[in-house]
Amino acid sequence: MSAPNKSYDPVEVEALKPEEIERMRDEALAAFAAAGDLEQLQEAKVAHTGGTSPLALANREIGALPPQAKAEAGKRVGMARGAVSKALAARQSELEAERDARVLVEEAVDVTLPYDRVPAGARHPLTTFMERVADVFVAMGYEIAEGPEVEAEWFNFDALNFTPDHPARQMQDTFFVQGPKGTEGGGTSQASGSGGESGVVLRTHTSPVQARAMLDREPPVYIVCPGRVYRTDELDATHTPVFHQIELLAVDEGLTMADLKGTLDHMVQSLFGADMKTRLRPNYFPFTEPSAEMDMVCYVCRGESVGNPDRPCRTCGSEGWIELGGCGMVNPKVLTACGVDPQKYSGFAFGFGIERMLMFRHNVEDMRDMVEGDVRFTRPFGMEI
Ligand code: PHE
């Protein structure tokens, strides 16, 4: 086959010998056939058809041949390259078809499988309810105020007229993060009264926000503060060491206990129904004077269980009233400590626990259900917008 070549060209180009070209072609075909997937085929393609592949190099040699030899060598190389690219294309479509068939099986979606194996979360009823209560006041023009949960002992107690030896400061009620200066971690009540050495606590109520709000703003002040509070209680059916309160503070000229009572009535009517009302019983808080405990008509029996043994009420213990929380007129000492002139302004405040309210509003019997974060508890409360 290569005879004509010889007669024209005394120099044999090794790479252009017919058996060499055949070998190159056959190696390429074998490599394509051996490629098990498209990736391997791509490698074989580069090796056997790329710029440095044996056939491409051989092709370059053609230029060096005398004119008569060029045609035959060119034809031979051209045919080999043609066969190679045909084989490549054939293998390519074979492997693509295989891949497509495999992908169809591997990535098939079984639309009959259950889709919600991991249940979506749900808003916690405490959050929803707390926002709902706050909304009642926002609608009346109150502003939402927030304060830190890790609070200076001064705001949590001193500014609110808790005496240095007030029992609420003791370790059994308060989580101390840092004792007053000079003590290691556990500040006791006696050591904490001397100003400037205030320790750091997890706030035991939302009332420190009152003090912060008055220091931040010029009266009139109308704020509502929903938030998390902490006390060293064991977790049981009726206690949790972390719970939520909502606090309200109004400071303005001429506010009286009647404004407080009207505001409370409006709140319970908005949350529990138009025929609701509240009552006040004398009580003591260091930061309010006078202070009262506020009750509302029992949401379940509406007072019908009182003196009626045939219709006992578990929610209020047949008392007809449910205790909500504390309230009162802001103590002038607190106004003064927070830079408000008690001669000119007066204020009222109240605070109550959200968990308790949620418990009797929805007949939740165990406080632990509220803190465990089980979505089966939360979901039935749904969403409120
Ligand atoms: N902070 C009080 C408590 O946690 C409640 C309260 C708030 C009382 C505002 C009076 C005024 O018990």
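Worth saying up front: this structure is predicted, and the values here are computed from it rather than measured.

What counts, and where the lines are drawn
- Residues numbered from 1 in each chain as written.
- Predicted model: local features only at pLDDT ≥ 70, side-chain atom pairs only at ≥ 80, totals over all residues.
- Heavy atoms only, no water.
- Pairing = 2+ DSSP bridges.
- Helix = DSSP H or I, 4+ residues; strand = E, 2+ residues; numbered from the N terminus.
- Contact = heavy atoms within 4.5 Å.
- Axes fitted to C-alpha atoms, helices over the stretch in contact; angles between N-to-C directions.
- Buried < 20%, exposed > 50% of the residue type's maximum accessible area, 1.4 Å probe, protein only.
- Polar contact = N/O pair within 3.5 Å; in protein donor to acceptor, adjacent residues only side chain to side chain.
- Core = buried A, V, L, I, M, F, W, Y, C linked by side-chain atoms within 4.5 Å.
- UniProt positions renumbered as here; feature names shortened; annotations may be inferred.
- Domains from an automatic or database assignment.
- Near = heavy atom within 4 Å.
- Areas by Shrake-Rupley, 256 points an atom, 1.4 Å probe, with all protein chains shown as cover.
- Phe/Tyr/Trp six-rings, centres within 6.5 Å; stacked < 30°, edge-to-face > 60°.
- Lys NZ or Arg CZ within 6 Å of the ring centre and 35° of its normal.

1. Some remarks on the sheet that holds strand β10 (residues 346-353)
Argument step 1. Read from one edge to the other, the open sheet built from seven strands follows the order β1-β5-β6-β10-β9-β8-β7, with strand pairing classed as mixed. The open sheet has two edge strands, β1 (143-144) and β7 (278-285), and neither has a second partner.
Argument step 2. As paired elements, strand β9 (residues 321-330) and β10 share five bridges and run antiparallel to each other. Counterpart to G326 in the pairing with β10 is G351.
Argument step 3. Sheet strands touched by helix α9 (residues 257-272): β7, β8 (288-297), β9 and β10. Its angle to β10, the strand with the most contacts, is close to 35 degrees.

2. Quick word on the side chain of H205
Argument step 1. Assignment of secondary structure puts H205 in the loop between β4 (200-202) and α8 (208-216).
Argument step 2. Relative accessible area serves as the criterion here: at 6%, H205 is assigned to the buried category.
Argument step 3. Among the polar contacts made by the side chain of H205, one reaches the main-chain carbonyl oxygen of N156 at a distance of 3.0 Å.
Argument step 4. Among all residues touching H205, those that are not within four sequence positions of it are N156, L160, F162, V229, R231, Q245 and F287.

3. Details of the nonpolar core
Argument step 1. Grouped together as the largest cluster of nonpolar side chains are 44 residues, with contacts concentrated most on M267, F350, F352 and M357.
Argument step 2. Where this core is concerned, the elements lending two or more residues are α6 (125-138), β6 (242-252), α9, β8, β9, β10 and α11 (354-362).
Argument step 3. Those residues in contact with F350 that lie beyond four places of it in its chain are F137, I246, E247, L248, L260, T263, L264, M267, M294, G326 and C327.
Argument step 4. If you look at the next biggest cluster of nonpolar residues, it comprises 23 residues, including A211, C225, F287 and Y345.

4. Focus on unusual backbone geometry
Argument step 1. Here the bond from P219 into P220 is cis, since omega is 5 degrees, no more than 30 degrees from zero.
Argument step 2. Secondary-structure assignment places P220 in the loop between α8 and β5 (221-230).
Argument step 3. The peptide bond linking E289 to P290 adopts the cis configuration, its omega dihedral lying at -5 degrees.
Argument step 4. Structurally, P290 can be placed in strand β8.

5. Some details on the UniProt feature "binding site: Mg(2+)" (unreviewed entry) in the protein chain
Argument step 1. UniProt records the feature "binding site: Mg(2+)" (unreviewed entry) for E289 in the present numbering.
Argument step 2. In this fold, E289 is placed in strand β8.
Argument step 3. On the basis of relative accessibility, which here comes to 47%, the residue E289 falls in the partly exposed class.
Argument step 4. Each residue touching E289, except ones within four places of it in the same chain, is listed here: M329, V330 and N331.

6. A short note on the domain arrangement of the protein chain
Argument step 1. Each assigned domain of the protein chain is listed here: domain 1 (14-106) and domain 2 (125-149 + 203-381).
Argument step 2. The C-alpha-based centres of domain 1 and domain 2 are spaced at 84 Å.

7. Concerning the site of the ligand
Argument step 1. In the neighbourhood of the ligand, 14 residues make up the surrounding shell, with H205, S207, R231, Q245 and G351 lying closest.
Argument step 2. Here a nitrogen atom of the ligand and a side-chain polar atom of S207 are 2.9 Å apart.
Argument step 3. Q245 is positioned such that a nitrogen or oxygen atom in its side chain is 2.9 Å from an oxygen atom of the ligand.
Argument step 4. Protein burial of the ligand: of its 330 Å² of free accessible surface, 90% is covered by the chains.
Argument step 5. Residue assignment for the shell around the ligand shows that the elements contributing at least two residues are β6, β9 and β10.
Argument step 6. For the shell around the ligand, the element with the highest residue contribution is β10, accounting for three residues.

8. Looking at the packing of aromatic side chains
Argument step 1. Taken as a whole, this structure holds eleven aromatic pairs when the rule is applied.
Argument step 2. The interplanar angle of 70 degrees and the centroid separation of 4.9 Å between the aromatic rings of F272 and Y299 together place this pair among those described as edge-to-face. On the criterion of sequence distance, the pair formed by F272 in helix α9 and Y299 in the loop between β8 and β9 is long-range, its members being 27 residues apart.
Argument step 3. Classification of Y299 as partly exposed rests on a relative accessible area of 26%.
Argument step 4. Look at F285 and F287: their rings are 5.7 Å apart centre to centre, the planes differ by 35 degrees, and that puts the pair in the tilted class.
Argument step 5. Geometry around F155 places R212 over its ring, the cationic atom sitting 4.1 Å from the centre.
Argument step 6. If you follow R361 out to its NZ or CZ, it ends over the ring of F272, 5.8 Å from the centre.

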